[in-house]
Number of protein chains: 2
Amino acid sequence: DPSHPRYKSLLARGKLEEAAERGMLAGSALIAHGRGEAFDYLLGEETSDSALKATKEAVNRLIAAKKPVISLNGNTTALAGLSLLKCAAIICFPMEINIFYRTPERMSELFVFIEEKRQEILSQPAPLHWKGELDEWKRAVEAVEVLGALPDAKIPGLQGPRAKCHKDGIFSCDAILVPLEDGDRCEALVKMGKNVLVVALHPKSRSAIMANVTIVDEVCRFAENLFKILLENKSLPPDSKWNNDNILRDALSVMARNML
Amino acid sequence: DPSHPRYKSLLARGKLEEAAERGMLAGSALIAHGRGEAFDYLLGEETSDSALKATKEAVNRLIAAKKPVISLNGNTTALAGLSLLKCAAIICFPMEINIFYRTPERMSELFVFIEEKRQEILSQPAPLHWKGELDEWKRAVEAVEVLGALPDAKIPGLQGPRAKCHKDGIFSCDAILVPLEDGDRCEALVKMGKNVLVVALHPKSRSAIMANVTIVDEVCRFAENLFKILLENKSLPPDSKWNNDNILRDALSVMARNML
């Protein structure tokens, strides 16, 4: 019932429980989602002004990059795979499925899921503010490359399967949008000199602290905002004086205020 | 590795993932645990003075009660079933397994788990500060009644299987320790006029607000504290001027402080 005050939160929970049943998620994925739910509750389950500002800065950096990529893990795929695929279609970015606990079964299930979402998008009209023809939209959606199946490179500084990536994707990108990234991987990507744009609900998590731009927001709301901003097509040059600490401090003060 | 700064938190996570694999938990249980992890992180993952004070008040009320009972749901059983069984042995209280999403499979798995824990306790020495003989300890552990399998009463005001309980247990008790209780059920128990003692990590949750005594603490730490206090055997009369709002306010201020 969409009139329920926590409708979106319950919808997200349902999506994740379904994804868990399909074998898309690692054992710790639902626990991680619960942690996020608590921090989102403290955010008031809405996008703060500073989170929207960070979303816009992330867009500017993605647009300005020579080789941007959108990284998808299990929870991001389940929660926002459809929206992010539409975003990728607008700006012709590749996506790369890149999970921390990599197994062939989970990878394969995530690819199947993304292809289902692609078909779902193709079966619907073009987005409301899409400026071209329906045909162009469909071609754009069909053209979105989804990497991750045949990794041929490694993220330096990481051990085991979690290091695997595509030479043409994450390995050589200059800007990467990594929603819900693990701290170790975020650190490794920053060390590679990439522009790392993280979506994270815990402002004191290692990923949130280490990213170049941190969007402290729930991933579905973030993806919807990203979609709207990309359709407006009004990007600016990246802010060379971007202060990410201010963004994190602001998120913490919103949460502390809601706590009392 | 016990020297890891988040050892206890990771241990708890492992216990729950194992319980989920055994079929002891509902789909939302891991998400609920994750929410708790976030609030516990904000507590600094330690028992606050006010949480310890609430734990002592809960003990005093349980000891003063004519018919106390300890209610166990899936997460509580998985995380603290062993410790709570030892507590029940010290004070000869019955336990009642009482889950929100009741299925025969989950109920049966929870009973098997508790019996495994009972055997584990019986295979070990008596607790360090136990004042009697080993034999007495073993008899006390064997004597702990675990209700829940054959419910013959209903909690008024609740619909469906979640209302089921034992006439001789939850239905007729005058004081109930309900760690991690759902808001609806907590409310229904309070309406029955019982002394409701809740362990909850979110100080603004409905259960936390409605309980007579709220222990804002992680359930494993709570159960260890409860065990120590019961072994000391120094209970006092319940505090007739108990102000539970102060306890909740204190927990919120600890969390807000740790946030900034």
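Residues numbered from 1 in each chain as written. Chains lettered and ligands numbered in written order. Predicted model: local features only at pLDDT ≥ 70, side-chain atom pairs only at ≥ 80, totals over all residues. Heavy atoms only, no water.

K.L.:
What's the story with the overall build of chain A in this structure? I'm lost.
P.N.:
A count of helices and strands for chain A gives eleven helices and eight strands. Its C-alpha radius of gyration of 17 Å places chain A within 12% of the 18 Å reference for a compact globule of 260 residues. Each principal axis of the C-alpha distribution contributes one length, and for chain A these read about 50 × 45 × 40 Å. Residues counted as buried form 55% of the 260 residues belonging to chain A. Restricting to contacts in chain A with at least 6 residues of sequence separation, those with at least 24 account for 68%. For chain A, the exposed surface amounts to about 11,900 Å²; the carbon and sulfur share of it is 52%. Of the side chains in chain A, 34 bear a positive and 35 a negative charge, and the two mean positions are spaced by 5 Å. (Helix = DSSP H or I, 4+ residues; strand = E, 2+ residues; numbered from the N terminus. Rg over C-alpha atoms; globule rule 2.2 N^0.38 Å. Buried < 20%, exposed > 50% of the residue type's maximum accessible area, 1.4 Å probe, protein only. Contact = heavy atoms within 4.5 Å. Areas by Shrake-Rupley, 256 points an atom, 1.4 Å probe, with all protein chains shown as cover. Lys, Arg positive; Asp, Glu negative; His and termini not counted. Charge placed at Lys NZ, Arg CZ, Asp CG, Glu CD.)

K.L.:
Explanation requested: the sheet that holds strand 6 (residues 175–179) of chain B in the structure shown.
P.N.:
Strand pairs in the sheet, formed through backbone hydrogen bonds, run parallel or antiparallel to each other. Residues and elements named next belong to chain B. The strand order across the open sheet built from six strands is 3-2-1-6-7-8, with neighbouring strands paired in parallel fashion. Each of the sheet's edge strands pairs with one partner strand only, and the pair in question is strand 3 (146–147) and strand 8 (213–215). Here strand 6 pairs with strand 7 (residues 195–199) via five bridges, running parallel. Across the sheet, the residue bridging to Ile-176 is Val-196, located in strand 7. Its contacts with the sheet place helix 4 (residues 74–91) against strand 1 (68–72), strand 2 (95–97) and strand 6, and it is angled at close to 155 degrees to strand 1. Running at roughly 155 degrees to strand 7, helix 8 (residues 183–191) makes contact with strand 6 and strand 7 of the sheet. (Pairing = 2+ DSSP bridges. Axes fitted to C-alpha atoms, helices over the stretch in contact; angles between N-to-C directions.)

K.L.:
I'm lost on unusual backbone geometry in this one. Help?
P.N.:
All names here are of chain A. Unlike most non-glycine residues, Leu-180 shows phi in positive territory, near 55 degrees. Residue position: Leu-180 is located in the loop between strand 6 (175–179) and helix 8 (183–191). Given a relative accessible area of 29%, Leu-180 falls into the partly exposed group.

K.L.:
I'm lost on the interface of chain A and chain B in this one. Help?
P.N.:
Where the parts come together, the accessible area they lose is often given as the size of the interface. Taken together, the contact between chain A and chain B spans 23 residues of the former and 23 residues of the latter. A buried area of about 2,100 Å², summed over both sides, lies between chain A and chain B, and 72% of it is on carbon and sulfur atoms. Along the contact surface separating chain A from chain B lie two salt bridges. Two residues, Glu-37 of chain B and Arg-35 of chain A, come together in a salt bridge whose shortest N-O distance is 2.5 Å. Secondary-structure elements contributing two or more residues to the side of chain A that touches chain B are helix 1 (7–21), helix 2 (29–42) and helix 11 (244–259) of chain A. By residue number, the principal contributor to the side of chain A that touches chain B is helix 2 of chain A, which donates ten residues. Here the residues of the side of chain A that touches chain B sort into eleven nonpolar, seven polar and five charged. (Buried area = accessible area lost by both parts, 1.4 Å probe. Salt bridge = Lys/Arg side-chain N within 4 Å of Asp/Glu carboxyl O. Nonpolar A, V, L, I, M, F, W, Y, C, P; charged D, E, K, R; others polar.)

K.L.:
Just to check I follow, could you spell out the relation of the copies chain A and chain B for this structure?
P.N.:
The relation between the two chain copies is a rotation about an axis coupled with a shift along that axis. In screw terms, the move from chain A to chain B is a rotation of 180 degrees and a rise of 0.0 Å along the axis, fitting with an RMSD of 0.0 Å. Given the turn and translation reported, the copies of this chain are related as if by a two-fold rotation axis. When the interface residues of chain A are mapped onto chain B, 100% of them again fall at the interface, so both copies present the same face. (Least-squares fit on C-alpha atoms with pLDDT ≥ 70 in both.)

K.L.:
For this particular structure, what's the right way to read the nonpolar core?
P.N.:
For soluble globular proteins, the rule of thumb is that nonpolar side chains tend to be buried together. In terms of nonpolar packing, the biggest core is built from 118 residues, with Ile-97 of chain A together with Ile-97 of chain B touching the most fellow members. Setting aside residues no more than four positions away along its own chain, Ile-97 of chain B makes contact with Leu-72, Met-107, Leu-110, Phe-111, Ile-114, Val-146, Leu-147 and Gly-148 of chain B. Grouped together as the second largest cluster of nonpolar side chains are 62 residues, Leu-248 of chain A together with Ala-38, Val-196 and Ala-256 of chain B included. (Core = buried A, V, L, I, M, F, W, Y, C linked by side-chain atoms within 4.5 Å.)

K.L.:
What's the story with the side chain of Asp-40 of chain A in this structure? I'm lost.
P.N.:
Residue and element names in this part refer to chain A. Here Asp-40 shows up in helix 2. With relative accessibility at 7%, the residue Asp-40 sits in the buried group. Separated by 2.7 Å, the side chains of Asp-40 and Arg-221 make a polar contact. With residues up to four places along the chain from it excluded, the contact list for Asp-40 reads Glu-45, Glu-46, Leu-201, Glu-218 and Arg-221. (Polar contact = N/O pair within 3.5 Å; in protein donor to acceptor, adjacent residues only side chain to side chain.)

K.L.:
Help me out: how do you make sense of the packing of aromatic side chains in this one?
P.N.:
Remark: the centre distance and the inter-plane angle together describe each pair of aromatic rings, the angle taken between the planes. All names here are of chain B. Summed over the entire model, instances satisfying the criterion amount to four aromatic pairs over all chains. Taking the centre distance of 5.2 Å and the plane angle of 80 degrees together, the rings of Phe-100 and Tyr-101 count as edge-to-face. Sitting above the plane of the Phe-227 ring, Lys-86 keeps its charged end 4.7 Å from the centroid. (Phe/Tyr/Trp six-rings, centres within 6.5 Å; stacked < 30°, edge-to-face > 60°. Lys NZ or Arg CZ within 6 Å of the ring centre and 35° of its normal.)

K.L.:
Teacher, can you tell me more about helix 10 (residues 219–232) of chain B here?
P.N.:
Along an α-helix, residues three or four positions apart point the same way, because every turn accommodates 3.6 residues. Residue and element names in this part refer to chain B. When the terminal C-alpha atoms of helix 10 are compared, their 20 Å separation across 14 residues agrees well with the 20 Å that a helix rising 1.5 Å per residue should span. A large share of helix 10 lies buried, amounting to eleven of its 14 residues. Within the sequence span of helix 10, burial applies to Val-219, Cys-220, Arg-221, Phe-222, Ala-223, Asn-225, Leu-226, Phe-227, Ile-229, Leu-230 and Leu-231. Those residues of helix 10 hidden inside the fold are in contact with helix 2 (29–42), helix 3 (49–64), helix 4, strand 6, strand 7 and strand 8. (Expected span 1.5 Å × (residues − 1).)

K.L.:
Sorry, what's going on with the side chain of Thr-55 of chain B here?
P.N.:
Looking at the secondary structure, you find Thr-55 of chain B in helix 3. Residue classification places Thr-55 of chain B among the buried positions, given a relative accessible area of 0%.

K.L.:
What am I meant to see in the sheet that holds strand 2 (residues 95–97) of chain A here?
P.N.:
All names here are of chain A. Taken in spatial order, the six strands make up an open sheet running 3-2-1-6-7-8, and their pairing is parallel. Because the sheet does not close on itself, it has two edges, and the strands there are strand 3 (146–147) and strand 8 (213–215). The sheet contact formed by strand 2 and strand 3 spans two bridges and is parallel. If you follow Glu-96 over to strand 3, its bridge partner there is Leu-147. Docked against the sheet, helix 3 (residues 49–64) engages strand 1 (68–72), strand 6, strand 7 (195–199) and strand 8, running at close to 135 degrees with respect to strand 8. Relative to strand 6, helix 10 (residues 219–232) is tilted by about 140 degrees, and along the sheet it contacts strand 6, strand 7 and strand 8.

K.L.:
Got a minute to help me understand the confidence of the model for chain A in this structure?
P.N.:
Segments scoring low in pLDDT should not have their predicted coordinates read at a detailed level. Across chain A, pLDDT averages 95, with 100% of residues at or above 70. For this predicted complex, the interface score ipTM comes out at 0.91, alongside a pTM of 0.93. (pLDDT = per-residue confidence, 0-100.)

K.L.:
Just to check I follow, could you spell out the pairing of strand 7 of chain B for this structure?
P.N.:
On a regular strand, one side chain projects to one face of the sheet and the next to the other, so that they alternate. Residue and element names in this part refer to chain B. Along strand 7, four of the five residues are buried, which leaves the element largely enclosed by surrounding structure. In this fold, the crossover linking strand 6 to strand 7 by way of helix 8 has right-handed handedness. Where strand 7 meets strand 8, three bridges bridge the pair, whose relative direction is parallel. Within strand 8, the position partnered with Val-198 by the bridge is Thr-214. (Right-handed = clockwise from strand over helix to strand, strands pointing away.)

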